[in-house]
Amino acid sequence: FKKCTAQFRAIENSKLYYCHLSSSAHKAGLCNENPSDYLNLKESYTKEQIANFICGNIERGYVELCRSCNGCNTRINIPGSPGIQGLRDKIVLSN
């Protein structure tokens, strides 16, 4: 988690997610959601609590997706390759 470079946060269904990838993975049904992965924006928080969360001071020290991701752009523990990540179909746009 400390080496992760996922620099974007996400807001989805009144929840502020620390990791935008976590938000997308949960929405797609690819991982479980833990209440410490996000702040419920229907509740009250101080500016300091929000700032701490955005800076990565997560209750568990990581979000649920970290178990599968091993860090956005870190290249730690899981080597990146087309064979491991899979290939995307070529998208052709026509005028």
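For the structure itself, look to the data block above.
The model shown is predicted, which means the values in this text are computed figures rather than measured ones.

Participant: Hey, could you go over the nonpolar core for me, with residue numbers and the actual values?
Facilitator: Membership of the largest hydrophobic core is limited to 8 residues, which are Ala6, Leu16, Tyr18, Cys19, Leu39, Phe53, Ile58 and Val63. Setting aside residues no more than four positions away along its own chain, Leu16 makes contact with Arg9, Ala10, Ile11, Asp37, Tyr38, Leu39, Leu41, Ile50, Phe53 and Ile54.

Participant: Which residues make up unusual backbone geometry, and what values go with them?
Facilitator: Trans peptide bonds make up the majority, and among non-glycine residues the majority have a negative phi. Notably, Asn13 is not glycine yet its phi reads approximately 50°, a positive angle. With respect to the helices and strands, Asn13 occurs in the loop between β1 (10-12) and β2 (15-17). For Asn13, a relative accessible area of 63% puts it in the exposed group. Of note, Ser14 is a non-glycine position whose phi angle comes to about 60°, a positive value. Among the structural elements, Ser14 can be located in the loop between β1 and β2.

Participant: Could you give an account of helix α1 (residues 20-27), with specific residues and numbers?
Facilitator: Along α1, the residues that are buried comprise Ser22, Ser23 and Ala25. Along α1, the residues classed as buried sweep out an arc of 170° about the axis, all on the same side. Looking at the packing, one finds that the buried side of α1 touches β1 and β2. One or two steps after α1, the chain reaches Gly29, where phi turns positive at roughly 80°.

Rules and cut-offs
Residues numbered from 1 in each chain as written. Predicted model: local features only at pLDDT ≥ 70, side-chain atom pairs only at ≥ 80, totals over all residues. Heavy atoms only, no water. Core = buried A, V, L, I, M, F, W, Y, C linked by side-chain atoms within 4.5 Å. Buried < 20%, exposed > 50% of the residue type's maximum accessible area, 1.4 Å probe, protein only. Contact = heavy atoms within 4.5 Å. Helix = DSSP H or I, 4+ residues; strand = E, 2+ residues; numbered from the N terminus. Arc of directions from axis to C-beta.

From the geometry alone we can't say anything about function, so treat these as descriptive.
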